[in-house]
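Listed below are the residues making up each chain.
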Amino acid sequence: MIHFLTRQYTERDGVRHRLIEATWGIFGHGNVAGLGQALVQYGDGMKFHQGRNEQAMVHAAVGYARQSDRLSAHAVTTSIGPGATNLVTGAALATINHLPVLLLPGDVFAARPADPVLQQLEVPYAGDVSVNDCLRPVSRYFDRISRPEQLIPAALQAMRVLTDPVETGAVTLALPQDVQAEAYDWPSGFFTERTWTIRRAAPDATELRAAAQALRESTRPLIIAGGGVHHSGAEEALRAFAEATGIPVASTQAGKGALRHDHPADVGGIGHTGTATADELARTADLVIGVGTRYTDFTTASGTLFANPAVRFLNLNVASFDAHKLAALPLVADAREALTALKEAAQGYTTPPAYVEDYTQAKEHWEQKITACYTTAETQDRPPTQTQVLGILDELVTADDILINAAGSLPGDLHKLWRTRSRDQYHVEYGYSCMGYEIPASIGVALAAPGRPVWALVGDGTYLMMPTELVTAVQENIPIKMVILQNHGYASIGGLSDSVGAEGFATAYRYRNADDATYTGRPLPLDLAANAASLGMDVHRARTAGELREALAVARAATRPTCVYVETETADTVSGPPPAQAWWDVPVAETANSSPAVKAREEYDRQAAKRRSHL
């Protein structure tokens, strides 16, 4: 298996890449004598990274694949049992985000000489089930290799899926530990160097004509740039299309950075975490052009955002499944090819000058809001707010820096406020929004982009989920820059809890109150900075906005793993982020005794009434 992987390559636009660049692993009895021994034997041909948590290893591999534009990936090997089941969350994240990762978990004995073996799940109604079957629904391809010769077709199928722009995601080959160690007379052709071409599907002529006609008939079109723009490397094609037509470009979390923040056509994030500029354009748009997006509920504001009765949808997507969403006109093709062809087919079309003037002024107004959220002029000697932390970082970074985040309130603040300077600076995982993603992903990104400053932005809740891979960063001297924002709890969910009538229940990190047994006592005496230092990080504590500015500058210049720790001020006392500019559907109790829940339900019913089905 390892020898085979060293011979696989991808190619797109004439550029060749190693498909499986490295393998992550934690060894146990299910893989140590098979894949473990193979990695020793082929150590010169396959890089290896030692992990501390199986889920985190997948996150690191996913970060690497995304930074590599899906042209290169990593494999992850684990033992049987808990090592394998720990892969499930990471596999779900990879598949939801269409990012390739090869999973190689050990499995129970195929020959069943002893049954059950250590860590085996016994299923009375099925002798061929193991815990690895948990990976089936979150894998784009799954096979269990119960005889050595089965590896040949399975391995080839695995490579096909990993390199398919439509199908890619987590691929799992479950490897019984006895079969891993069996000999077989392998055909030499199995080890022939193979290059897997990443296809750029061209648009169908009939679909292209319909798309161009829809564009010509529109007066208030809006582009929604999704992650497919980045996966295709279509940023220049999008820029050329926007400049030729004057159409504004909003972005999803995965698509942010498709245009630089200062491009005249860029109107920022869209949806529940979007800007007022983009969301108002979406409400009045008569044609929404989705490019490489799958229209999640955050993008559509749970079906309430696109309010124009005459709105139509045109979806440019390599996946037919996504191209047909919202009863759209489909243009099934690679994003770069589709944008280039549509620009040519609709040659001469431009939006009305008044429309351009409207969104230009709205964008300028929103920029003023960003500046107000970022400024620390009057609070230099106080703890910064979360948005002021972003503002100080905004002063420091260049187009080389990469920011990584996934969960909590930071994705919303970043989507609304961050000024993206390059196509790959903004790395927010919001398909699965997985707490614990940021630290291991930053390691994967740093491996794919050596020499560039890589920032892992984490709240205290996320840090406590999965700090283990800091040890890997220290071990391999990968100079990630981690910023811990301490707000003593699940602040994002605390705010959501308040808004839906759950009164912030169990969202703060506090002692129990002796009177009513709720978590409303003193804050827990957690010292996350000391914890990070104990794992080998260089740590800088910042108590004020001024100290934070100095600490971040030191961290950016650091050549080893470095942490900046800051306790943030609440937004009640100084400027915080703008509120959500569009709705998000989180169902509220239909009957409740508390007045906050009753009031929240009334607001829920009011918002839900605006939902519409687009046909």
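Scroll up to find the structure this text is about.
Residues numbered from 1 in each chain as written. Predicted model: local features only at pLDDT ≥ 70, side-chain atom pairs only at ≥ 80, totals over all residues. Heavy atoms only, no water.

Help me out: how do you make sense of the pattern of salt bridges in this one?
Side chains that differ in charge, positive against negative, can pair when their charged atoms come close. Counting across every chain of the model gives 34 salt bridges. Put simply, Arg239 and Glu236 hold a salt bridge, and the shortest N to O gap is 2.6 Å. Note that Arg239 and Glu236 are positioned in helix α10 (residues 235-245) at a spacing of three residues, about one turn of the helix. The shortest N-O distance in the salt bridge between Glu280 and Arg283 comes to 3.6 Å. On the criterion of helical spacing, the pair formed by Glu280 and Arg283 is a turn pair, its members being three residues apart in helix α11 (residues 276-284). What makes Arg283 partly exposed here is its relative accessible area of 29%. Overlapping salt bridges bring together Asp13, Arg200, Asp334, Arg336 and Glu337 as one network. (Salt bridge = Lys/Arg side-chain N within 4 Å of Asp/Glu carboxyl O. Helix = DSSP H or I, 4+ residues; strand = E, 2+ residues; numbered from the N terminus. Buried < 20%, exposed > 50% of the residue type's maximum accessible area, 1.4 Å probe, protein only.)

Explain the packing of aromatic side chains to me, please; I cannot follow it from the model alone.
The description of an aromatic ring pair uses the distance of the two centres, along with the angle that the planes make with each other. Taken as a whole and assessed by the stated rule, the structure comprises 12 aromatic pairs. Ring centres 4.5 Å apart and planes at 65 degrees place the aromatic pair Phe298 and Trp584 in the edge-to-face group. A residue pair is termed long-range when its members are at least 10 positions apart, and Phe298 in helix α12 (residues 297-300) and Trp584 in the loop between β21 (562-567) and α24 (595-608) qualify at 286 residues. Judged by centre distance (5.1 Å) and plane angle (75 degrees), the ring pair of Tyr490 and Tyr509 falls under edge-to-face. Linking Tyr490 in the loop between β19 (481-486) and α21 (491-499) with Tyr509 in the loop between α21 and α22 (528-534), this pair joins segments that are 19 residues apart in sequence. (Phe/Tyr/Trp six-rings, centres within 6.5 Å; stacked < 30°, edge-to-face > 60°.)

Hey, could you run me through the sheet that holds strand β20 (residues 538-542) in this one?
Pairing between the strands of a sheet comes from backbone hydrogen bonds, and it takes one of two forms, parallel or antiparallel. The strand order β17-β16-β18-β19-β21-β20 describes an open sheet built from six strands, whose pairing is parallel. Sheet topology places β17 (426-428) and β20 at the edges, where each strand pairs with a single neighbour. Adjacent strand axes in the sheet meet at a mean angle of 20 degrees when their direction is disregarded. For strand β16 (residues 402-405) and β17, the ladder comprises three bridges, and the chain directions are parallel. Each residue of the ladder has a partner; that of Leu403, found in β17, is Tyr426. (Pairing = 2+ DSSP bridges. Axes fitted to C-alpha atoms, helices over the stretch in contact; angles between N-to-C directions.)

What's the story with the environment of Thr273 in this structure? I'm lost.
Position of Thr273 relative to the elements: it lies in the loop between β12 (266-269) and α11. Residue classification places Thr273 among the buried residues on the basis of a relative accessible area of 6%. Separated by 306 residues in sequence, Thr273 and Pro579 place their C-alpha atoms 8.8 Å apart. With near-sequence residues (within four places) excluded, Thr273 lies in contact with Gln253, Phe298, Gly412, His415 and Lys416. At a separation of 2.7 Å, a polar atom in the side chain of Thr273 contacts the side chain of His415. (Contact = heavy atoms within 4.5 Å. Polar contact = N/O pair within 3.5 Å; in protein donor to acceptor, adjacent residues only side chain to side chain.)

Help me understand the packing of helix α3 (residues 54-67) against helix α5 (residues 87-96) in this model?
Helix packing for two helices is described by the angle between their axes and how far apart those axes are. As a packed pair, α3 and α5 sit with axes 7 Å apart at the nearest point and diverge in direction by 20 degrees. Relative to α5, the element α3 lies roughly parallel. Handedness of the α3/α5 crossing: right-handed. Contact residues: α3 offers Glu54, Gln55, Val58, His59 and Val62, while α5 offers Leu87, Thr89, Gly90, Ala91, Leu93 and Ala94. A breakdown of the residues in the contact of α3 with α5 according to their chemical character gives six nonpolar, four polar and one charged. (Parallel < 35°, antiparallel > 145°, perpendicular 65-115°, else oblique. Left-handed = near helix turned anticlockwise from the far one by under 90°. Nonpolar A, V, L, I, M, F, W, Y, C, P; charged D, E, K, R; others polar.)

Teacher, can you tell me more about helix α14 (residues 335-345) here?
An α-helical segment advances 3.6 residues per turn. Residues three or four places apart therefore align on the same side. Looking only at α14, the buried set comprises Ala335, Ala338, Leu339 and Leu342. One face of α14 carries all of its buried residues, which in axial projection span an arc of 95 degrees. Where α14 is buried, its residues meet α8 (205-216), α9 (227-232), α10, β13 (287-291), β14 (312-317) and β15 (329-332). With a side-chain oxygen lying 3.0 Å from the backbone nitrogen of Arg336, the N-terminal cap of α14 falls on Asp334. (Arc of directions from axis to C-beta.)

Is there a simple way to think about the state of the cysteines in this case?
Any covalent bond linking the sulfur atoms of two cysteines counts as a disulfide. Applying the stated rule across the entire model yields zero disulfides. Left without a disulfide partner, Cys434 is nearest to the cysteine sulfur of Cys134, which lies 17 Å away. Judged by its relative accessible area of 7%, Cys434 falls in the buried class. (Disulfide = S-S within 2.5 Å.)

For this particular structure, what's the right way to read α8?
The end-to-end C-alpha separation of α8 is 17 Å, in line with the 16 Å expected for 12 residues at 1.5 Å each. If you check which residues of α8 are buried, you get Leu208, Ala211, Ala212, Ala214 and Leu215. All buried residues of α8 project into a common sector of 160 degrees when viewed along the axis, lining one side. Tucked inside the fold, the buried residues of α8 contact α10, β13, β14, β15 and α14. Where α8 begins, the capping side chain belongs to Asp204, and its oxygen is found 2.9 Å from the backbone nitrogen of Thr206. (Expected span 1.5 Å × (residues − 1).)

Looking at this model, I keep getting lost on the nonpolar core. Mind explaining?
In this structure, Val76, Val101, Leu103, Tyr437, Tyr463, Met482 and Ile484 are the most contacted members of the largest nonpolar core, which totals 46 residues. Not counting chain neighbours up to four residues away, the residues in contact with Val101 comprise Val58, Ala61, His74, Val76, Ala94, Leu162, Gly169, Ala170 and Val171. Of all hydrophobic cores here, the second largest spans 31 residues; its members include Leu259, Ala265, Ile289 and Ala333. (Core = buried A, V, L, I, M, F, W, Y, C linked by side-chain atoms within 4.5 Å.)

It is not clear to me how unusual backbone geometry should be interpreted in this structure. Could you clarify?
It is generally the case that most residues other than glycine have a negative phi and that most peptide bonds are trans. A cis amide bond, omega 10 degrees, links Asp115 with the succeeding residue Pro116. In this structure, Pro116 sits in the loop between β6 (101-107) and β7 (141-144). Of note in the backbone geometry, Leu326 takes a positive phi value of approximately 60 degrees without being a glycine. In this structure, Leu326 sits in the loop between α13 (320-323) and β15. For Leu326, a relative accessible area of 24% gives the class partly exposed. In this model, Ala327 sits at a positive phi of 50 degrees, which is unusual for a non-glycine residue. Along the chain, Ala327 falls in the loop between α13 and β15.

Before we go on, may I ask you to explain the sheet that holds strand β9 (residues 194-197) in this structure?
With mixed pairing, three strands are arranged side by side in an open sheet as β2-β1-β9. The open sheet is flanked by β2 (15-18) and β9, the only strands paired with a single partner. Averaged over all adjacent pairs, the angle separating strand axes in this sheet is 30 degrees, with direction ignored.

What is the right way to look at the pairing of β20 in this model?
Judged from the five bridges that link them, β20 and β21 form a sheet pairing that is parallel. Across the sheet, the residue bridging to Val539 is Cys563, located in β21.

For this particular structure, what's the right way to read the packing of α10 against α14?
Two numbers describe how α10 lies on α14: the axes approach to 9 Å, and their chain directions differ by 25 degrees. When the axis of α10 is compared with that of α14, the two are roughly parallel. You can see that α10 and α14 cross each other, and the crossing is left-handed. Every residue of α14 that contacts α10 at Ala237, Leu238, Ala240, Phe241 and Ala244 is listed here: Arg336, Leu339, Thr340, Leu342 and Lys343.

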